[in-house]
Amino acid sequence: MAHLAHQPVGGAVDAPPTVIPLASPTPVLAVDALCKRFGPDLEVLSAVTLSVSRGESVAVIGANGSGKSTLLRCCVRLIEPSAGRVRILDTDVTAARRRVLRRVRQRVGFVFQRHNLVPRLSVLSNVIHGAMGRTGALAWHQGAASPAMRGEAMHCLERVGLAELARRRADQLSGGQSQRVAIARALMQRPEVVLADEPVASLDPSAGAEVMDLFARLMRDEAVTVVFTTHNLEHARQHAGRVVALRGGRVSFDLETARVPFDALGDLYAR
Amino acid sequence: MRAEPARSGPPAPGRFVRPSALSFALWVGAAALLLWSLQTAELSLSRLVNGLPQMARLLGEMMPPATSRLENIAETLLDTFRMALVGTLFGVLLSLPLAVAAARGLSPARPVYYLARALITFFRTVPDLVWAIFFVVTVGLGPFAGVLTLTVDTMGYCGRFFAEAMEEVDTGPQEALRTAGSGRAGVIIGAVIPSALPSMIASSLFALEQATRSSVILGLVGAGGIGIELKASMDMFEYDQAATIIIAIFILVAGVERVSSALRARLI
Ligand SMILES: Nc1ncnc2c1ncn2[C@@H]1O[C@H](COP(=O)(O)OP(=O)(O)OP(=O)(O)O)[C@@H](O)[C@H]1O
Ligand SMILES: [Mg+2]
């Protein structure tokens, strides 16, 4: 049976093909027949095709090992794809040389499951790091940053509700606070697209819901295009306009959230 | 009722493992080498015993240590320490780029990595007195040759340990900065060095201790420092002066070690 992107596959998922909104003709993120192999017989992504329009929020779901993280990482070439194309904001990422790649990465925020803050630096310094793509190594420490940059970083911190912790060292934060700072760092990038790989998976349920709400609201306010992966179907249902399901490295379905049969996803997670 | 403890398990392995022929041969070879080496040292109990009165006489002549040139000695001692400090400082500063080049994952290219590693090994394995003689011949007698020697010495030590510290830090933050469009310099300055800093400061303090110890003997080959004074006093049979210099050296080295370990303790 052929697995076609944008088409429901499998008996459990019984919905008509998704209609991709035509409002914005050139997608912000376009993944075309992306393949990733780790070694000759370990194909983690098989011809994944996906298109995300400006302002959309897309959730990527799927079992452990289905290739969600690999997909997001291939988009900014934290992992080199084996075949296929990725275009972000009119740049062919897969073909980009180092300079061009850096320029694209500046415009794409990435939020990791682990916050990945520099532990011995202050919260403010960590947020300012988001500007490093623009300003170069100068933004390594808040003390070296310009007043304008410090002001902008404080604004980003304010938006995640942590302005009063600006001077605190990053290794003295709770998990939820750390992840908020990571979001502030992504905001500091002034991103047009944000990719988030299980951004709240390391948080307890209530902190997770809180941070996820905050994240989704900020992205909506800024009209940032978002792709996030999650195992929490509730988060996908609440915060995504579209849900893409991966199974064994292939797109299993790609549907508007309203049409996703959340109660019948057993197949997706079956071994 | 309590369960009976098991009386015996499976048989224990033998107490000794019979060595293989090869390892037996290696042991015999090592023992032979040791005996042969002991021979070259011309061990002679009689010479040691006959030397005892001479040692006693020398110690006697050292007592009491001379105080006539205290001021002069203190000044030379301070010069020696300044030499160690400057040499360490230059060494630490030069070790930073060297260590980046020698750290896996940060080095810009494979050949650069191997070259940096080779350079560090070379700096470390050639003894400091050899460096001192080399620099005395090339830049002339005096403390400048000493500073260069200590710089090279420090690079051999700090280059290695800085590189290790940089390799060991968590790569997550580095990845985050790279993903945000930061270049290599930004990643190193923003994520690697802040995380590796405590370990790097500890290494630098060790390097300073090492340099202080070295600096007192560099004078023996004319590379500046208090060593030359010690040699002169000995050569002119002013053993009481020599005693004062030895005590001064002890105070300096012990003092630097104390301060350095106190600082290191505060870091951790
Ligand atoms: N560097 C690598 N080398 C070899 N295999 C890898 C590598 N990275 C990932 N994989 C494999 O690729 C598959 C997909 O991994 P990936 O992390 O993308 O899954 P995921 O959907 O994000 O899973 P999870 O829900 O657990 O985060 C897994 O089987 C994993 O073992
Ligand atoms: Mg994952």
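The structure presented is a predicted model; accordingly, all values stated were derived computationally and were not measured. Per-chain numbering applies: the sequence of each chain, read as written, is numbered from 1 onward. Here chains are named by letter from A upward and ligands by number from 1 upward, in the order in which they appear as written. The predicted nature of this model means local features are confined to residues of pLDDT at least 70 and side-chain atom pairs, given and counted, to a pLDDT of 80 or more, with totals for whole chains, interfaces and linings taken over all residues. Note that water and hydrogens are dropped before the side-chain values are worked out from all heavy atoms of the structure.

**Regarding the side chain of A:Q106**
Mapped onto the fold, A:Q106 is located in helix α2 (residues 98-107). Under the relative-accessibility criterion, A:Q106 is labelled buried at 19%. The residues touching A:Q106, leaving out its near neighbours within four places in the chain, are A:G133, A:R134, A:Q189, B:A180 and B:G181. For the purposes of this entry, the term helix denotes a DSSP run of H or I that reaches at least four residues, the term strand denotes a run of E that reaches at least two, and both are numbered from the N terminus. Accessible area is worked out with a 1.4 Å probe on protein chains only. A residue is then buried under 20% of its type maximum, exposed over 50%, and partly exposed in between. Here a residue-residue contact requires only that any non-hydrogen atoms of the pair lie within 4.5 Å.

**Section: the sheet that holds strand β8 (residues 225-229) of chain A**
Residue and element names in this part refer to chain A. Two strands are said to pair when DSSP picks up at least two bridges between them. Taken in spatial order, the six strands line up as β6-β7-β8-β3-β9-β10 in an open sheet, and their pairing is mixed. Across the chains shown, the open sheet's two edge strands, defined by having one partner strand only, are β6 (108-111) and β10 (250-256). Along the sheet, successive strands turn relative to each other by an average axial angle of 15°, direction set aside. Inspection of the sheet shows β6 paired to strand β7 (residues 193-197) by four bridges, in the parallel sense. Paired with G109 across the strands is V194, a residue of β7. With respect to the sheet, α2 is in contact with β6 and β7, its orientation differing from that of β6 by roughly 65°. An axis is simply a line fitted to the C-alpha atoms; with a helix, the fit covers only the stretch in contact. Between two such axes, the angle follows the N-to-C directions and lies from 0 to 180 degrees.

**Remarks on the site of ligand 1**
Residues and elements named next belong to chain A. Only heavy atoms are used to decide nearness, and a residue is near a molecule or strand if one of them lies within 4 Å of it. Around ligand 1, a shell composed of 13 residues is seen, among which N64, K68, S69, T70 and H231 lie nearest. Polar contact is defined as a pair of N or O atoms within 3.5 Å, subject to the rule that within protein one atom must be able to donate a hydrogen and the other to accept it, and that residues adjacent in sequence are counted only when both atoms are side-chain atoms. K68 is positioned with one of its side-chain polar atoms (N or O) 2.7 Å from an oxygen atom of ligand 1. Only the protein chains shown count as cover for residues, with accessible areas throughout obtained via the Shrake-Rupley method and a probe of 1.4 Å. In isolation ligand 1 exposes 630 Å². Once the protein is present, 59% of that is buried. Ranked by the residues each element gives to the shell around ligand 1, the list is headed by helix α1 (residues 68-75), at three residues.

**A word on the packing of helix α3 (residues 70-101) of chain B against helix α6 (residues 143-168) of chain B**
All names here are of chain B. Orientation of α3 relative to α6, taken along the N-to-C sense of each, is 40°, at an axis distance of 6 Å. Between α3 and α6, the interaxial angle falls into the category oblique. Considering only the axes of α3 and α6, their crossing is right-handed. Classifying every residue of the contact of α3 with α6 by side-chain character gives 18 nonpolar, eight polar and no charged. Geometric relationships in this document are graded by angle, where less than 35 degrees denotes roughly parallel, more than 145 denotes roughly antiparallel, 65 to 115 denotes roughly perpendicular, and other angles denote oblique. The hand of a helix crossing depends on one turn: near helix anticlockwise from the far one by less than a right angle means left-handed, and clockwise means right-handed. For this scheme, ten residues count as nonpolar: Ala, Val, Leu, Ile, Met, Phe, Trp, Tyr, Cys and Pro. Four count as charged, namely Asp, Glu, Lys and Arg, and the remainder, Gly too, count as polar.

**Some thoughts on the confidence of the model for chain B**
Confidence scores per residue from the predictor, reported as pLDDT, run from 0 to 100. Confidence along chain B averages 87 in pLDDT terms, with 97% of residues attaining 70 or more. Both confidence scores are given for the complex: pTM 0.80, ipTM 0.84.

**Comments concerning a positive patch on the surface**
Only residues above 30% relative accessible area that lack a salt bridge enter a patch, with like-charged residues linked at up to 9 Å and the nonpolar side chains Val, Leu, Ile, Met, Phe, Trp and Tyr linked at up to 5 Å. Put simply, a salt bridge is a Lys or Arg side-chain nitrogen that is within 4 Å of an Asp or Glu carboxyl oxygen. We score Asp and Glu as negative and Lys and Arg as positive, and we do not count His or the chain ends. Every charge is mapped onto a representative atom, which is NZ of Lys, CZ of Arg, CG of Asp or CD of Glu. Together, A:R98, A:R99, A:R102, A:R103 and B:R184 line one region of the surface with positive charge. At four residues, α2(A) tops the list of elements feeding residues into the positive patch. One can find A:R98 in helix α2. We classify A:R98 as exposed; its relative accessible area is 64%.

**Some thoughts on the packing of aromatic side chains**
Stacked, tilted and edge-to-face are the three classes applied to pairs of Phe, Tyr and Trp rings, where Trp contributes its six-membered ring and a pair requires centres within 6.5 Å; stacked means planes under 30 degrees apart, edge-to-face means over 60, and tilted covers the rest. Applying the stated rule across the entire model yields nine aromatic pairs over all chains. Arranged with centres 4.8 Å apart and planes meeting at 40°, the rings of A:F110 and A:F112 form a pair that is tilted. Exposure remark for A:F110: the relative accessible area of 7% places this residue in the buried category. Taken together, the ring pairs in this structure connect B:F122, B:F123, B:W131, B:F134 and B:F135 into an aromatic cluster. Sitting over a ring, as applied to charges here, requires NZ of Lys or CZ of Arg to be within 6 Å of the ring centre and within 35 degrees of the ring normal. Between the NZ or CZ atom of A:K36 and the centre of the ring of A:F38, over which it lies, the distance is 5.0 Å. Here the basic side chain of B:R264 rests over the ring of B:F206, its NZ or CZ set 3.8 Å away from the ring centre.

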